[in-house]
Amino acid sequence: MNFDENMSPFQNRACGFCHMPYAGFSGPIPSVNLTMVAYPGSFEFRAGKRTAQRYTYAPNFPVLNFNKTQQAFFGGNFWDSRATGYLLGSPDAEQAQHPPVDTQEHALPDTACIAFRLSTAVYRPLFETVWGTGSLDIKFPHETETICDTPGGASIFGTDTMPIKLTPEDRTIANNVFDHWGNSLDQFEASTDVSAFSSKFDEYLAFLAGVAGATNPMTPDEIAGYNLFKGKGNCNSCHLDGRSTAPTPPPPDGTAPNSTDTGVTASTAPLFTCFGSANLGLPLNPRDAIYYQNKPDFYGFTANPDGFGFRDLGLGSFLRGVAAPNPNSDWTQFAPTSDGQMQTSTARNVAMAPPACGSTEAPGPYFQKEFFHNGYIKSLKQLVHFYNTRDVYPFPVTSGHCPAGTIEKVNCWPMPEVKNNLDMTVGKLGLTDTEENQIVAFLQTLTDGFVTPYPDINTFTGTCTTCNPATDPNCSPSRQGNGSLIPTPPLPPCGSDICGVAPVPSPPIP
Amino acid sequence: MNKLLLKLAITATAGSLLSSNPVVAQPSPITSKTARVQITQGPEIELSKESLTIITWTSTNPGGTDEHFGVVHYGTDPNSLTETAKSHIRLNPSHSSTVFRVRLDDLKPGTTYYYTVGSMGSNGAADGTKSTIKQFTTTGEPQRAGR
């Protein structure tokens, strides 16, 4: 099902179009990652607003819950946690139910289209073996084909979310099929075909545990990077590494780069996330496709009437029911303290790339990926440098307007898109250039496919990116992607449909 | 409009009946609160530009909830620190000290501010840090009265 392009009006989009194995099942097209960030949907004049997240370890996120002690949310899927898992007991299963009917993505106009397409799929017998004989027996009206060939949001549908007129019993069956769709994809993502725990770091954990035959695979730079990850970098305060809370040598400032890990295992399968959310202060990325979809398209649908007045409030928007229905009205009050917050991704597979391309870093050949929710950051080096120096080189400008004499992403960081609830754990870590590189080296040890081959890792059919440092000043990990920077236009105020919904952001967002 | 709305509206009704404490993995360990939290470095101005000031200090790890806040009370009158700035910091249980950094936006240029610092857990309980009143002056030309 993950790779079935029939799950779209124009038979051209599967989940796999935006989520391919060689990128940890995240965004697989380098030119999209470099520029528009969000992937074109089935109707290719539309695209969403954020990067495609990795499937790997997404099933491990708990059902979204508000922890009263921590006064913070944990769990859910999507950057804004809006796939809560309330109904199916699994946020990952519910995540799979959003893109099929998202106007910007697969754009099916009715959830029953999934059952319709499955009923003619070549693998229908397999679906019925798993979910039961008769599980796809629905009497579809004759106009169903025409309806499912029209993208959602088309003006002919008006506000009707169920244009396929089924009997109540058939609608129930179709809803159950849609739930089975989510559950099946969740099981796939939880399997070792996707969430493999086969990284170099996993081999290192086996070595530390004394598993027969396991050897220490880590290089000195990787160990130094790991010690910085736990120490001066303070990365494991959110990207939990499952090691003991009593490392040696003793603090005061954590673990020195050249120390030996003699701690004990606190979690046998660390996921490198706390499952929470944070506002890291990423600048607005003016190349994001969403800003440009402010006029009616061929079907009379306008994806983003606000244009550049769109601000991504992340978790805050969801809690207000703006991004998706919020199933728990007790949570709405926490929207102002959640504005700007995006999910803490698992750091696992952040560096996964097609082996033919080597890595994610210039000069390459390399595979261009997109990082964080808005793809502003284009390399792991820039990612670590951002955490390290966001507050060392802050400028009150938007992207594309760094002052003369500075280089954006090197010694100039534009201001945050959303200043509210900014996380100050990061921003000035005091890492040297070498230490940044060591943390990058450590992140690369979190890539699955070291202990055992990662299934379908060699399915990239595109061209790896190359550049020539002698002729291209942006041909380095620090500056890759800078050739694609554009000046952010003057920004109108945040749209009232985002920033004017109660409880409104505090302080107000301009 | 997301076609999931009707389905999830039904979920909303069911959801409000569910407990807000489903059984889930506990991702945030809570360390014991430190009896006496002491500032070991600072507070000092990490950054002072016309539109942005960052105040930083290091203290012994206060423990308590991992979700934590650095707090600065400030004002232009040392006897009346009426403004409050609060920034989110995530504690690291394996570190014996914690760096707090608080961001103050939209201060007036060329103005002297007085401040004290402290920290608190996510439930608002103060860590009990003792801080003397300090001061700093923002860069730039002060705005003239009446402008």
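For clarity, every value in this text was computed on a predicted model and none was experimentally measured.

Q: Any chance you could break down the overall build of chain A for me, citing the residues and the numbers?
A: Tallying secondary structure elements over chain A gives twelve helices and four strands in all. With the principal axes as the frame, chain A shows a C-alpha extent of 70 × 60 × 50 Å. Expressed as a percentage of contacts within chain A between residues at least 6 apart in sequence, the contacts between residues at least 24 apart total 69%.

Q: Report on the sheet that holds strand 6 (residues 112-121) of chain B, specifying residues and quantitative values.
A: Residue and element names in this part refer to chain B. Reading across from one edge, 4-3-6-7 is the order of the four strands in this open sheet, with antiparallel pairing throughout. Only two strands of the sheet have a single neighbouring strand rather than two, namely strand 4 (83-90) and strand 7 (134-137). Adjacent strand axes in the sheet meet at a mean angle of 35° when their direction is disregarded. Both strand 6 and strand 7 contribute to a ladder of four bridges, which runs antiparallel. Paired with Tyr 115 across the strands is Lys 134, a residue of strand 7.

Q: Which residues make up the pairing of strand 2 (residues 52-60) of chain B, and what values go with them?
A: Residues and elements named next belong to chain B. One ladder, built from six bridges, connects strand 1 (residues 39-48) with strand 2; its direction is antiparallel. The residue of strand 2 that forms the bridge with Gln 41 is Thr 58. Connecting strand 1 to the next strand, strand 2, in antiparallel fashion are three residues. Two elements, strand 2 and strand 5 (residues 97-105), share nine bridges in a ladder whose sense is antiparallel. The residue bridging Thr 58 from the neighbouring strand is Val 99, located in strand 5.

Q: With reference to specific residues and values, describe the sheet that holds strand 2 of chain B.
A: All names here are of chain B. Taken in spatial order, the three strands line up as 1-2-5 in an open sheet, and their pairing is antiparallel. Among the strands making up the open sheet, the edge pair consists of strand 1 and strand 5. Across this sheet, the average inter-strand angle for adjacent strands is 15°, counted without regard to direction.

Q: Which residues make up the confidence of the model for chain A, and what values do they have?
A: Across chain A, pLDDT averages 95, with 95% of residues at or above 70. Of the regions scoring below 50 in pLDDT, residues 246-253 of chain A engages in 19 contacts with residues more than four places distant in sequence or in other chains.

Q: So what about the packing of helix 10 (residues 380-389) of chain A against helix 11 (residues 433-444) of chain A? Which residues, and what values?
A: All names here are of chain A. Where helix 10 meets helix 11, the axes come as close as 9 Å, and the angle between the chain directions of the two elements is 125°. The orientation of helix 10 with respect to helix 11, classified from their angle, is oblique. Of the two possible hands of crossing, helix 10 and helix 11 adopt the one that is right-handed. Where helix 10 approaches helix 11, its residues Leu 380, Lys 381, Val 384, His 385 and Asn 388 are matched on the opposing element by Glu 436, Ile 439, Val 440 and Leu 443. Taken together, the residues of the contact of helix 10 with helix 11 sort by class into five nonpolar, two polar and two charged.

Q: Lay out the environment of A:Gly375 with the relevant residues and their values.
A: All names here are of chain A. Mapping Gly 375 onto the fold places it in the loop between strand 4 (342-343) and helix 10. Exposure remark for Gly 375: the 25 C-beta atoms within 10 Å place this residue in the buried category. Each C-alpha atom, one on Gly 375 and one on Ala 224, is 28 Å from the other, the two residues being 151 residues apart in sequence. Among residues more than four places away in sequence, those in contact with Gly 375 are Asn 33, Val 37, Thr 51, Asn 285 and Glu 370.

Q: Just give me the short version of the packing of helix 3 (residues 112-119) of chain A against helix 6 (residues 168-190) of chain A, but keep the residues and values in it.
A: All names here are of chain A. Two numbers describe how helix 3 lies on helix 6: the axes approach to 8 Å, and their chain directions differ by 80°. Taken together, helix 3 and helix 6 sit at an angle that is classed as roughly perpendicular. Along its contact with helix 3, which presents Ala 112, Ile 114, Ala 115 and Leu 118, the element helix 6 presents Ala 174, Val 177, Phe 178 and Trp 181. Here the residues of the contact of helix 3 with helix 6 sort into eight nonpolar, no polar and no charged.

About the cut-offs
Residues numbered from 1 in each chain as written. Chains lettered and ligands numbered in written order. Predicted model: local features only at pLDDT ≥ 70, side-chain atom pairs only at ≥ 80, totals over all residues. Helix = DSSP H or I, 4+ residues; strand = E, 2+ residues; numbered from the N terminus. Contact = placed C-beta atoms within 7 Å. Pairing = 2+ DSSP bridges. Axes fitted to C-alpha atoms, helices over the stretch in contact; angles between N-to-C directions. pLDDT = per-residue confidence, 0-100. Parallel < 35°, antiparallel > 145°, perpendicular 65-115°, else oblique. Left-handed = near helix turned anticlockwise from the far one by under 90°. Nonpolar A, V, L, I, M, F, W, Y, C, P; charged D, E, K, R; others polar. Buried ≥ 20, exposed ≤ 12 C-beta atoms within 10 Å, placed from the backbone.

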